[in-house]
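Working through the structure, step by step
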Amino acid sequence: MWNYSEKVLELFYHPRNQGVIEDQGEPEYAVSRGEVGSIACGDALRLHLKIEIASDKIVDAKFQTFGCTSAIASSSALTEMVKGLTLDEALAITNRDIANYLGGLPEQKMHCSVMGQEALEKAIYNYRGIALPEHEEDEGSLVCTCFGVSGERLRKVIKENRLTTAEQVMSYVKAGGGCGSCLSVIDDILASCHFPAGMTNLQKINKIQTTLESLRPYLQADGGDVELFDVENDRVLVILKGACGSCASSLDTLKGLIEERLRQEVLASLTVEAV
Amino acid sequence: MTIYLDNNATTQVDERVLAAMLPYLTEFYGNPSSMHRFGGQVAKAVQTAREQLADLIGALPSEIIFTSCGTEGNNAAIRSALATFPDRKHIITTQVEHACVLNLCKTLEKQGYRVTYLSVDSRGMLDLMELEAALTGDTAVVSTMYANNETGVIFPVEQIGALVKSYGALFHVDAVQAVGKIPIHLQNSTIDFLTLSGHKFHAPKGVGALFVRRGVRFRPLLIGGHQERNRRGGTENVAGIVGLGQAALLAQQHLAQMQSVQALRDHLEASVLRTIPDTVVNGQGSPRLPNTTNIGFKYIEGEAILLLLDREGICASSGSACTSDSLEPSHVLRAMGLPYSVLHGSIRFSLSRYTTEAEVEQLLAVLPGIVAQLRALSPFNAADQGWIEERTQAVVPK
């Protein structure tokens, strides 16, 4: 079974904002929807937004999701996150923000957070009357025909999440996870996505420290804690404290949560070890 | 209380099996290859287990090679068959085999062998005409399951074997899911090799066996000492083997009881179909193992069902991609050509002789609510099906 955070499980067992927002014909409000995924892909989300026209604010959000635990939790989290935001503020939400809200997702489940971000973007673009390119209808522009992923979408997710391997791409957008015939194209796209020059050591350590700080409340809630000990190249040495130090599943915490989060937030090549 | 309905994954060790094993972990710890009496009494226990297992499958004790697991048995049989026919470069198997057969075949393809993966129909059944068309004088071995681990569908192995024999090829059957659940008689069978694994019928994990018909040439996978009549090197897992023998003895006694397991399974299926709409039994209409049912709950996803069942203390299994690192749902259900609305939400319930009516009733009490809860979340619920996209994909073993 996957190692889900408490927040993921809480929002799966008790999802908030499930359902539909009907357009009541109120002149001061608009209802918009964004649909992403399909039954073939195994994940699908229909996001409903109620928008106050004068203020450009999202006053209500609901979801309908077909998918696994993390898909349902990501959808529910998204609706909580966007309520009260202006549309521009909502558009700034990334899939990583959704994953962070959930206390992290297993890397193989990051596509659930991507689905949330894309549904949000679609709903807002629909409201604003901006047409999104429908790559799914144009087989020629698709890189992955099994999961209907275009090159443009791949580049966006790769850049936003600083992905470096085809395996990560599969986890985030599923592309390449079907017949596998597009893997060489994905490699080419990865190679073409040049990231800015790397961080300095000080920037890297500061980012690691900040990321660990963001995780501590989740560990402390379970009676544990974590502290940075040292950084040697890509090896991050941490001290697990309290329940995390003695817990039978501390390795899961170390690898499944801390290492995964640091790889997402700082550098994909990082490994974490307890001292 | 845990309600365990995942017996095709593994079973609990019968306490009588454990009791038979314990002395061979404590008091009788000799090496069965030793010449002294301390080793001799252990060798005798291994021989008794060999006889008990042979009795269960209607074989001769000398036709049994103890192994570590089903994977080892399957690998050993297929590789042995290929070594027997160095000039034949063709293998036939099916699209719905266990990963240890499919992945071995993929490896062999890279080594120059040609592999035919037979398809199955929507009921999970093979087309014997397709098999006959695939067989040639170049075919070294045909490897099929006896019964499928996900759907329980039973293949007509003797009919398959008759065709295989007419082309002079060897016939291997992966019977890991079938042994102990249905009667198997190998004495007058067309099967040359048959694989079984102890932990599927109440023996511990880490012990299995391969039947090799007398007279069929066998090339060992593990080269070592003289153990298993030079057919499998390595000191015997004595306690495991003793447990396997005891489990075989008990399985034979309990075979008649499988009718009541089937009655319970049938009750489970019928009740689910009656009380939960948009639900199908995968493989229904084909002969199936008495303990297995694979049910597709349309418009919802398997992992979510499993997690809600788990919260109720009920353990089952899913063919859903979301329960594994793979992004593709079950290769078995895909090979059957099931629509995506079914296969993403398919759950396997596998019973054992320990499964009680009360446990099944408890499942039936909570399952409709779980399905309704997830369907209420789904955009594909019965009231709103405008967005369903049933894209299909060619099934090619990867």
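Structure's up top.
Residue positions are counted from 1 within each chain, in the order its sequence is given. Here chains are named by letter from A upward and ligands by number from 1 upward, in the order in which they appear as written. Per-residue local features of the predicted model are confined to residues with pLDDT of at least 70, and side-chain atom pairs are confined, for both listing and counting, to 80 or more; whole-chain, interface and lining totals are unaffected and use all residues. Side-chain measures here rest on the full set of heavy atoms in the structure, leaving out hydrogens and waters.

Let us now look at the overall build of chain A. We count a stretch as a helix when DSSP gives it H or I for four or more residues in a row; a strand needs E for two or more, and each element gets its number in order from the N terminus. Secondary structure summary: chain A contains eleven helices and eight strands in total. Relative to its length of 275 residues, chain A is compact, with a C-alpha radius of gyration of 20 Å against a globular reference of 19 Å. Expressed along its principal axes, the backbone C-alpha trace of chain A runs to roughly 60 × 40 × 35 Å. When a residue's accessible area, from a 1.4 Å probe over protein chains only, is under 20% of the maximum for its type it is buried; when over 50% it is exposed; and in between it is partly exposed. Within the span of chain A, comprising 275 residues, buried residues form 51% of the whole. A contact between two residues is defined here by any heavy atoms of the two lying within 4.5 Å. In chain A, the share of contacts with a sequence separation of at least 24, taken over all contacts with a separation of at least 6, comes to 60%. Roughly 11700 Å² of accessible area belongs to chain A as shown, and the carbon and sulfur atoms make up 50% of that amount. Computed over 26 positive and 40 negative side-chain charges, the inter-centroid distance for chain A is 2 Å. For the radius of gyration, the atom set is restricted to C-alpha positions; the globular benchmark scales as 2.2 Å times the number of residues to the power 0.38. Only the protein chains shown count as covering a residue, and every accessible area follows the Shrake-Rupley method with a 1.4 Å probe. Under the convention used here, Asp and Glu are negative, Lys and Arg are positive, and both His and the chain ends fall outside the count. Note on charges: their place is set at NZ of Lys, CZ of Arg, CG of Asp or CD of Glu.

Another point: the overall build of chain B. Within chain B one finds 13 helices and 13 strands. Taking 2.2 N^0.38 as the reference for a compact globule, 398 residues should give roughly 21 Å; the C-alpha atoms of chain B span a radius of gyration of 22 Å, in line with that estimate. The principal-axis extent of the C-alpha atoms belonging to chain B is close to 75 × 50 × 35 Å. Counting only residues that meet the buried cut, chain B has 60% of its 398 residues in that class. The contacts of chain B with a sequence gap of at least 6 include a subset with a gap of at least 24, amounting to 73%. On chain B, roughly 15300 Å² of surface is accessible, and the fraction owed to carbon and sulfur atoms is 53%. Where the 33 positive side-chain charges of chain B centre and where its 37 negative ones centre are 7 Å apart.

Another point: the packing of aromatic side chains. Each Phe, Tyr or Trp ring (for Trp, its six-membered ring) is paired with any other whose centre lies within 6.5 Å, and the angle between the two planes then decides the class: stacked below 30 degrees, edge-to-face above 60, tilted in between. This structure, assessed with the given rule, holds four aromatic pairs over all chains. The interplanar angle of 80° and the centroid separation of 4.9 Å between the aromatic rings of B:Y29 and B:F38 together place this pair among those described as edge-to-face. When the ring centre of A:Y29 is taken as reference, the NZ or CZ atom of A:K50 above it lies at 4.7 Å. The lysine or arginine in question, B:R88, covers the ring of B:F85, its NZ or CZ lying 4.5 Å from the ring centre. The criterion is that NZ of a Lys, or CZ of an Arg, lies within 6 Å of the ring centre and within 35 degrees of the ring normal, and then a charge sits over that ring.

When the parts of a complex come together, some accessible area is lost, and that lost area is often taken as the interface size. Each partner contributes residues to the interface: chain B has 34 residues there, and chain A has 39 residues. Whenever a carboxyl oxygen of Asp or Glu lies within 4 Å of a side-chain nitrogen of Lys or Arg, that contact is scored as a salt bridge. Linking chain B with chain A are one salt bridge. For the salt bridge of B:E303 with A:K109, the shortest nitrogen-to-oxygen distance reads 2.9 Å. We define a polar contact as two N or O atoms separated by no more than 3.5 Å, with the added condition that, inside protein, one atom must be a possible hydrogen donor and the other a possible acceptor, whereas residues neighbouring each other in sequence contribute only through side-chain atom pairs. Run the count over chain B and chain A and you get seven residue pairs in polar contact (both at pLDDT 80 or more). Of all the secondary-structure elements, those providing two or more residues to the side of chain B that touches chain A are α10 (302–311), α12 (340–343) and α13 (357–377) of chain B. Looking at the side of chain B that touches chain A element by element, the count peaks at six residues for α10(B). For this classification, Asp, Glu, Lys and Arg are treated as charged, while Ala, Val, Leu, Ile, Met, Phe, Trp, Tyr, Cys and Pro are nonpolar and the rest, including Gly, are polar. Of the residues that constitute the side of chain B that touches chain A, the class distribution is 15 nonpolar, eight polar and eleven charged.

Helical periodicity: at 3.6 residues per turn, an α-helix aligns residues three or four positions apart in one direction. Residue and element names in this part refer to chain A. Multiply 1.5 Å by the residue count of a helix minus one, and that product is the helix's expected span. The end-to-end C-alpha distance of helix α11 (residues 250–265), which contains 16 residues, comes to 21 Å, matching closely the 22 Å that a straight helix rising 1.5 Å per residue would cover. In this analysis the local bend is the angle between axes fitted, respectively, to the seven residues ending at and the seven residues starting at the residue. Taken as a whole, α11 carries its principal kink of about 25° at E259. All of the buried residues in α11 are S250, T253, L254, L257, I258, E259, E260, R261, L262, Q264 and E265.

Residues and elements named next belong to chain B. One open sheet accounts for four strands, arranged β9-β10-β13-β12; its pairing is antiparallel. Since the sheet does not close on itself, it has two edges, and those belong to β9 (279–281) and β12 (317–318), each with one partner. The pairing criterion is simple: DSSP has to find at least two bridges between the two strands. With three bridges joining them, β9 and strand β10 (residues 292–297) adopt antiparallel strand pairing. Within β10, the residue paired with T279 across the bridge is F297. The strands touched by α13 within the sheet are β9, β10 and β13 (346–350), with β10 carrying the most contacts at an inclination of about 25°. Interaxial angle, 0 to 180 degrees, is taken between N-to-C directions of lines fitted to C-alpha atoms, where a helix line uses only the stretch in contact.

As a further point, take a nonpolar patch on the surface. Nonpolar side chains collect at one region of the surface, where B:V13, B:L18, B:L22 and B:L25 lie side by side and expose about 330 Å² of accessible area between them. Relative to the helices and strands, B:V13 is located in the loop between β1 (3–4) and α1 (15–21). Patch membership requires more than 30% relative accessible area and the absence of a salt bridge. Residues of like charge join within 9 Å; the nonpolar side chains Val, Leu, Ile, Met, Phe, Trp and Tyr join within 5 Å.

Okay, the pattern of salt bridges next. Residue and element names in this part refer to chain A. Counted under the stated rule, the structure contains 28 salt bridges over all chains. Salt-bridge contacts for R263 lead to E259; the nearest nitrogen and oxygen are separated by 3.4 Å. Note that R263 and E259 are positioned in helix α11 at a spacing of four residues, about one turn of the helix. A residue is classified by how much of its surface remains accessible, and E259, at 8% relative accessible area, is buried.

Residue and element names in this part refer to chain A. Their axes nearest at 10 Å, the elements helix α7 (residues 166–173) and helix α8 (residues 183–192) cross at an angle of 100°. With respect to their mutual orientation, α7 and α8 come out roughly perpendicular. Where α7 abuts α8, its residues A166, V169 and M170 lie against L183, I186, D187 and L190. Here the word oblique covers every angle except those under 35 degrees (roughly parallel), over 145 (roughly antiparallel) and from 65 to 115 (roughly perpendicular).

Residues grouped as a nonpolar core are buried Ala, Val, Leu, Ile, Met, Phe, Trp, Tyr and Cys residues, joined through side-chain atoms within 4.5 Å. Grouped together as the largest cluster of nonpolar side chains are 168 residues, with contacts concentrated most on B:Y146 and B:L194. Of all hydrophobic cores here, the second largest spans 24 residues; its members include B:L102, B:L108, B:V115 and B:L210.

Attention shifts here to the state of the cysteines. Residue and element names in this part refer to chain A. Sulfur atoms of two cysteines make up a disulfide when they are within 2.5 Å. The tally for this structure, following the rule as stated, stands at zero disulfides over all chains. Residue C144 stays outside any disulfide, its sulfur separated by 4.3 Å from that of C182, the closest cysteine. For C144, a relative accessible area of 1% gives the class buried.

A word on the environment of B:H202. All names here are of chain B. In this fold, H202 is placed in the loop between β7 (193–197) and β8 (208–212). When its relative accessible area of 5% is taken as the criterion, H202 is described as buried. Taking the C-alpha atoms as reference points, H202 and T11, separated by 191 residues in sequence, lie 5.3 Å from one another. Those residues in contact with H202 that lie beyond four places of it in its chain are T11, Q12, V13, D14, V17, A247, S352, R353 and Y354.

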